[in-house]
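What follows is each chain in one-letter form.
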Amino acid sequence: MLDKRQIVQRHNPIIQKIESLSPLSIGNREFGFSCDFTGLQTFPEVYETPLGTQSNWGWHYTGRPNLYSEEDIVYQRYDTYGRQVKYPMKPEGKEEAYHWLRQNPHRLQLGRVSFRFLSKNNQPVKPDEMTEINQTLDLWTGIVASEFLVEGVPVQVKTACHPEHDVIAVQVSSLLLKEKRIQVFSLFPAPDVTHNSWSKAIHPDWGHDERHVTNYQMISDKAVLFTRRMDQDQYYARWDWNQGSLEQTGVHEYTLMGDGCSDTLEFTFSYAQKEPLFVKPEEVFESSRFYWEAFWQKGAAVDFSECTDPRAMELERRVVLSQYLTAIHSGGSLPPQETGYMYNSWFGKFHLEMHWWHGAHFPIWGRREYLEKSLEWYLHILPQARELAESQGYLGARWPKMVGIDGKQSPSPVAPGLIWQQPHPMALAEMCYQVHPTKEFLEHFQSIVFEAADFMVSYAHWDEKKKAYVLGPPLIPAQECHYIYESMNPPYELEYWKYGLEIAISWAKRLNVPENPLWSKVANSLAKPRDEDGVYLAHENCLNTFTEKNHDHPSMLGALGILPGTLVDKEIMRNTLYKVKAVWDWESAWGWDFPMCAMTAARLGERELAVDFLLMEATKNTYLANGHNYQRPGLTAYLPGNGGLLTAVAMMICGWKNGNDRSCPGFPQDGRWKVKWEGLHSVL
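Report on the accompanying structure.

What counts and how
Every residue gets a number counted from 1 within its own chain, in the order that chain's sequence is written. This being a predicted model, a pLDDT of at least 70 is required before a residue's local features are given, and a value of 80 or more before pairs of side-chain atoms are given or counted; all residues contribute to the totals for chains, interfaces and linings. Calculation of side-chain values draws on the structure's entire complement of heavy atoms; hydrogens and water are dropped beforehand. Only DSSP runs of H or I reaching four residues or more are called helices, and only runs of E reaching two or more are called strands; each is numbered from the N terminus. Between rings of Phe, Tyr and Trp, where Trp is taken as its six-membered ring, a pair exists when centres lie within 6.5 Å; planes separated by under 30 degrees are stacked, by over 60 edge-to-face, and by other angles tilted. The cut-offs for exposure are 20% and 50% of the maximum accessible area for each residue type, with area from a 1.4 Å probe on protein chains only; residues under the lower value are buried, those over the upper are exposed, and the others partly exposed. Only when DSSP finds a minimum of two bridges between them are two strands counted as paired. Two residues qualify as a contact provided that any one of their heavy atoms is within 4.5 Å of a heavy atom in the partner residue. Lines fitted to C-alpha atoms define the axes, with helix axes restricted to the stretch in contact, and inter-axis angles between N-to-C directions lie between 0 and 180 degrees. The pocket and cavity definitions rest on a 1 Å grid over protein atoms only: a 1.4 Å probe that fits but cannot leave marks a cavity, an open set with protein on both sides within 12 Å along at least five of seven lines marks a pocket, and residues lining either have an atom within 4 Å of a point. Grid points are joined across faces, edges and corners, and a volume is the space filled by probe spheres set on the points. Under the convention adopted here, Pro, Cys and the residues Ala, Val, Leu, Ile, Met, Phe, Trp and Tyr are nonpolar, Asp, Glu, Lys and Arg are charged, and Gly plus all remaining residues are polar. Criterion for a disulfide: a pair of cysteine sulfur atoms within 2.5 Å. Each patch groups residues whose relative accessible area exceeds 30% and which form no salt bridge, using 9 Å between like charges and 5 Å between nonpolar side chains of Val, Leu, Ile, Met, Phe, Trp and Tyr. In this description, accessible areas are obtained by the Shrake-Rupley approach with a 1.4 Å probe, and a residue is regarded as covered only by the protein chains that are shown. The term salt bridge refers to a side-chain nitrogen of Lys or Arg lying within 4 Å of a carboxyl oxygen of Asp or Glu. Only four residue types enter the tally: Lys and Arg on the positive side, Asp and Glu on the negative side; His and the chain ends are excluded. For this purpose, a charge sits on NZ of Lys, CZ of Arg, CG of Asp or CD of Glu.

**Brief notes about unusual backbone geometry**
Omega for the bond connecting Asn 104 with Pro 105 falls within 30 degrees of zero, at -5°, which places this linkage in the cis form. Looking at the secondary structure, you find Pro 105 in the loop between helix 2 (95-103) and strand 8 (106-107). Here Lys 467, not a glycine, exhibits a phi torsion of approximately 55°, which is positive. Note that Lys 467 resides in the loop between strand 24 (461-463) and strand 25 (468-470). With phi around 50°, Cys 664 is a residue other than glycine that occupies positive phi space.

The structure is reproduced here in structure tokens:
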């Protein structure tokens, strides 16, 4: 048995200066709260990463939910083997409707909770005047402990989130409280976002006070209920405290003034769609301790402490922190946005082609239920997915790409043309089934598997000349830099089509129900990926794959690595892997590309190369002090990288389904990598 507590706690994030890219976060899968070095959101102006308070239930439509619809925008039509199929790719004079649909609904920033420290002269203390910063996130308990000096006076703060309710608890200890030099204030932002933000971090709008309403009602002399209204949307916040009094200090700002009677202040702040309940601070802290200890004890664990490779401890740090971060930000009832609850990217919407990268590791690491929660959402949006497929002349259900809580596709110059999200829920459901096989699970999720498969065979086109089924055009591969009207038969998508259809066939057999005969016909007759000069191309028509298109995702490698590679030749894929290593523009790659390449290398027996890819020194393979996978300015948290890392490491340690080696097949066997592990599942 591994000492899980020791493994986890040796990687507790310790912050001893202002880390502008690395605020710490606490949360419970449905809600997240990030904090600066004070334990609250006191100095957002010095943080490049926005300090967020977000939830899975907090969404907003500017104006009203149906201000614009798909009837208000222009659809571009693309020839699809003799018929025209429409996709919302460009505004074409309908900019207002196009961008409204793109940014609505968007996830709300629920509010900011901050300290205001006062100097002896009663002036606000600036962040550079704070000294002796020492902040630790105890991963075993989920509690952030923050210490610092204000004009030489110590301040200690503890912050935690309740595992079942969207409540943060805060405990403050300082003699400054007796001097009334510590205040706490809550500030609520305007609800809207702007269309020119695109993928960059969307900071809250602290102006436009007229765009929202904050009403408050004193429940007692130490509790207040806020009612937040914006357009047709509404939510609540509740603040309870043990000493002091509340004053309104701005249109949407409320300040708790201490009474000077004690050097300890405790309070809770709750957010909810309906009126939240009161939860005592001690209950929040105790529940957090119990929850996180159970989380770590139940799940799998990996110990790199006996490895002599100098990169081993950094890999272990990434593994531990990625488990914590994905548990908070990627394990809820909705597929997560790429930045989780940290802040809005792409308006807070989620990208369904990223769902696999966020969540595939959960069943592998013994936390199947964290993935099952978001699989339920596909059942909820099944009617919209059917409508999308029917509108394009296809059968079954087509999953959108960039989408909000309503399940409707967003107009985009790229998103509507992607298809690789289609087999994701099939593959994810199969992974959950593999670790906990029950008939009830199959019956519950069969519709998302079978109707996704019906779309897939409807989408594939029989090419009489090739005597094979082909994919596209129109199509945009996972490597998004290709034109929709010329992309055809990308290797990863071909292999994934076969893999997904074979899952549907297996499910029909397990349930003893008839399968669609086209599932087997298409799966067994798909075109083979095209290779030239001994390497696979990005897609069949992309002869300049390694000269002009050698940037973004090298997604052809996913056909063998993420997937079993039944359509590919291993030696050609080996050549492709080395070609990618040599000529790819790695600064343009994304966080999940590195674990993807590592998985391909592992399946090919290229152990040294697998580790080199996983730990490559590249900007987008950077893991910050808080554990988040950094990509670029404006995208400082990228959870698909964290999830991909966990999936790749598990695969490199315990192998893969139908593989022969279960003893670290992705790590060199030269004595440097003595990896100890328990609880992992080889289900890929």
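**Comments concerning the packing of aromatic side chains**
For any pair of aromatic rings, geometry is given as the distance between the ring centres together with the angle between the planes. One pass over the full model with this rule turns up 50 aromatic pairs. Summarising the aromatic geometry, the rings of Phe 188 and Phe 226 are spaced 5.3 Å apart at their centres and angled 65° between planes, so their arrangement reads as edge-to-face. Here Phe 188 is found in the loop between strand 14 (182-187) and strand 15 (213-220), whereas its partner Phe 226 is found in strand 16 (residues 223-230), with 38 residues between them in sequence. Judged by its relative accessible area of 2%, Phe 188 is buried.

**Observations concerning the sheet that holds strand 12 (residues 153-161)**
Pairing is antiparallel across the open sheet formed by nine strands, whose spatial order is 1-10-11-12-13-20-17-16-15. Looking along the sheet, the strands with just one partner apiece sit at the ends: strand 1 (14-15) and strand 15. The sheet contact formed by strand 16 and strand 17 (residues 233-241) spans eight bridges and is antiparallel. When the sheet's bridge partners are listed, Arg 229 is paired in strand 17 with Gln 234. The strands that helix 3 (residues 281-298) touches are strand 11 (143-150), strand 12, strand 13 (167-173) and strand 20 (264-272); relative to strand 12, the one it contacts most, it runs at about 65°.

**Brief notes about the layout of surface pockets**
Here the largest pocket is characterised by a volume of approximately 590 Å³. As for the largest pocket, its lining consists of 31 residues, of which Glu 70, Tyr 75, Glu 387, Lys 408 and Gln 409 are closest to the centre. Examining the composition of the lining of the largest pocket, we find that five residues originate from one element, helix 8 (residues 382-391), more than from any other. A per-class count over the lining of the largest pocket returns 13 nonpolar, 10 polar and eight charged. Here the second largest pocket defines a volume of roughly 390 Å³. For the lining of the second largest pocket, a count of residues per class yields 12 nonpolar, four polar and seven charged.

**Some words on the sheet that holds strand 14**
Strand pairing in a sheet relies on backbone hydrogen bonds. The paired strands run either parallel or antiparallel. What the four strands build is an open sheet, ordered 9-14-19-18; its pairing is antiparallel. Two strands bound the open sheet, and with one partner strand each, they are strand 9 (112-117) and strand 18 (245-250). With strand direction ignored, the average angle separating the axes of adjacent strands in the sheet is 30°. Direction of pairing for strand 14 relative to strand 19 (residues 253-257): antiparallel, over a ladder of five bridges. Looking at the pairing, Ser 186 lines up with Tyr 254 of strand 19.

**Notes on the state of the cysteines**
A complete count under the given rule lists zero disulfides for this structure. Not part of a disulfide, Cys 35 finds its nearest cysteine sulfur in Cys 161, a span of 11 Å. For Cys 35, a relative accessible area of 1% translates into the label buried. Not part of a disulfide, Cys 307 finds its nearest cysteine sulfur in Cys 664, a span of 8.1 Å.

**A word on the pairing of strand 15**
Taken together, the seven bridges between strand 15 and strand 16 define a ladder with antiparallel strand orientation. Within strand 16, the residue paired with Gln 217 across the bridge is Leu 225.

**Re empty space enclosed by the protein**
For the structure on display, the rule yields six cavities of 30 Å³ or more. Roughly 150 Å³ of volume is contained in the largest cavity. As for the largest cavity, its lining consists of 20 residues, and the residues nearest its centre are Gln 109, Ile 202, His 203, Pro 204 and Asn 344. Classifying every residue of the lining of the largest cavity by side-chain character gives 11 nonpolar, six polar and three charged. By volume, the second largest cavity amounts to about 80 Å³. Considering the residues around the second largest cavity, the lining is formed by Lys 4, Ile 7, Val 8, Trp 296, Ala 300, Ala 301, Val 302, Glu 316, Val 319, Val 320 and Gln 323. Looking at the lining of the second largest cavity, the elements with two or more residues in it are helix 1 (4-9), strand 21 (301-303) and helix 4 (312-329). In terms of residues, the lining of the second largest cavity owes the most to one element, helix 4, which gives four residues.

**Regarding a negative patch on the surface**
A contiguous patch of negative charge on the surface is contributed by Glu 70, Glu 71, Asp 72, Glu 387 and Glu 390. Here Glu 70 lies in the loop between strand 5 (59-60) and strand 6 (76-80). Overall, Glu 70 belongs to the partly exposed group, its relative accessible area being 44%.

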